[in-house]
Amino acid sequence: MVKIALIGAAGQIGTPLSLLCKASDLFDEICLYDVVHAPGIATDLMHIDTKAKVHGYLPDKSGLKKTLDGADIVVVTAGIARKPGMTRDDLFKTNASLIRDIFNEIAATCPQAMCCVVTNPVNSTLVIAAEALKKAGVFEPTRLFGVTTLDVVRASTFAAHALGGNADPRDFKVPVIGGHSGATILPLYSQAKPPVNLDDETMASVINRVQFGGDEIVKSKQGAGSATTCMAYAGFRFVKAILEGKNGATVTEEAYVYLPGLPGGKEIATELGVDFFTVKVQLGQKGAVRALPIGKISENETKLLHVAIRELKTNIATGLSLMSE
Ligand code: LMR
């Protein structure tokens, strides 16, 4: 019996994510929560011929608690999205307190769940989630993840686009470390498998496109929001990886995590000087099993890493400051 709770299910990421979950046949129960429309979306999904029972809840009648009760996996996509001219940090004011309140309820209702945070700015919202769980005395770093899979998806996709021809994006494995916004996103093309052979100028533009891929969509949508379908795709890929790990497979994915709480993470945190960071994580039956070492990186990537860390420190401090109020 596997239950997933989707918080923010009526949003433009939450709804396609709920469809992917229902269509996958990987769940016995899918609970949707949002401030509007969640029961209607649940009814709609229940006409699909897969086994999962779908329930939708609103804030009244303890809807959030009912959604979370007994959940094995929780994905939080609730919150507002960017408009042109905004950075992810501009979302902080609105989304930060939402995340705090949701995680206070998670701490009370399903502290054992594996929790995935999609709500931006992830570099700060994950810190808030961790602090809320910590304050409640139930923080287990191996079960809390900031979802950065879209950066990994983009790193493969944009490399294939740059290489042209019949290159299949899924043939390229490119680790992406750091965080999930602008210069904090660091694709490690020096470690790409198979190698991505591009001249320096093209490589620099591909790296920049991965770092600022979110802006490309914000601009293209002309005020109608930011990434939704590709984010739902990436979020679902991460959820699937968590499930595979839970079912006993050895699987790795990148995620933004609290490094000192993971085996192998303390060393990375000490070396980099940040506690929250995206690394490749090995997933197992109870969540993250270990943080994998970053490995050898190029001179240019080392320079970009310094920039990423500087920006991340500010983002982490922003998250911590809300929780110390
Ligand atoms: C993205 O990477 O596209 C998302 O985080 C949405 C955004 O605001 O860029």
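See the structure shown above.
Bear in mind the structure is a predicted one, so any value in this text is a computation, not a measurement. (Residues numbered from 1 in each chain as written. Predicted model: local features only at pLDDT ≥ 70, side-chain atom pairs only at ≥ 80, totals over all residues. Heavy atoms only, no water.)

Caption draft 1: Region of the structure containing the overall build of the chain. A count of helical and extended segments in the chain gives 11 helices and 11 strands. By the compact-globule yardstick of 20 Å for 325 residues, the chain fits well, its C-alpha radius of gyration being 19 Å. Each of the three principal axes of the chain carries a C-alpha extent, and together these read 55 × 45 × 45 Å. Counting the 325 residues in the chain, one finds 53% classified as buried. Residue pairs at least 24 apart in sequence account for 71% of intrachain contacts in the chain once pairs closer than 6 positions are excluded. Element-wise, carbon and sulfur atoms account for 53% of the exposed surface of the chain, whose accessible area totals about 13,900 Å². Considering the chain, the positive charge centre built from 33 side chains and the negative charge centre built from 33 side chains are found 3 Å apart. (Helix = DSSP H or I, 4+ residues; strand = E, 2+ residues; numbered from the N terminus. Rg over C-alpha atoms; globule rule 2.2 N^0.38 Å. Buried < 20%, exposed > 50% of the residue type's maximum accessible area, 1.4 Å probe, protein only. Contact = heavy atoms within 4.5 Å. Areas by Shrake-Rupley, 256 points an atom, 1.4 Å probe, with all protein chains shown as cover. Lys, Arg positive; Asp, Glu negative; His and termini not counted. Charge placed at Lys NZ, Arg CZ, Asp CG, Glu CD.)

Caption draft 2: Examining the environment of A162 more closely. Locating A162 in the fold gives a position in helix 6 (residues 149-163). Its relative accessible area of 30% is what places A162 among the partly exposed residues. A sequence separation of 62 residues divides A162 from A224, and the C-alpha atoms of the two residues are 28 Å apart. Apart from residues lying up to four places away in sequence, A162 is in contact with L198, T202 and V206.

Caption draft 3: Structural detail: the site of the ligand. Close to the ligand lie R82, R88, N120, L150, R154, H180, G214, S226, A227 and M231. With respect to the ligand, the side chain of R82 contributes an N or O atom lying 2.6 Å from an oxygen atom. One nitrogen or oxygen atom from the side chain of R154 is found 2.7 Å from an oxygen atom belonging to the ligand. For the shell around the ligand, the class distribution of residues is 3 nonpolar, 4 polar and 3 charged. (Near = heavy atom within 4 Å. Polar contact = N/O pair within 3.5 Å; in protein donor to acceptor, adjacent residues only side chain to side chain. Nonpolar A, V, L, I, M, F, W, Y, C, P; charged D, E, K, R; others polar.)

Caption draft 4: Molecular detail of the pattern of salt bridges. For the structure on display, the rule yields 9 salt bridges. Linking E105 and K65 is a salt bridge whose minimum nitrogen-to-oxygen distance equals 2.9 Å. Taken together, the positions of E105 in helix 4 (residues 92-109) and K65 in helix 3 (residues 63-68) put the pair 40 residues apart, joining distant regions of the chain. (Salt bridge = Lys/Arg side-chain N within 4 Å of Asp/Glu carboxyl O.)

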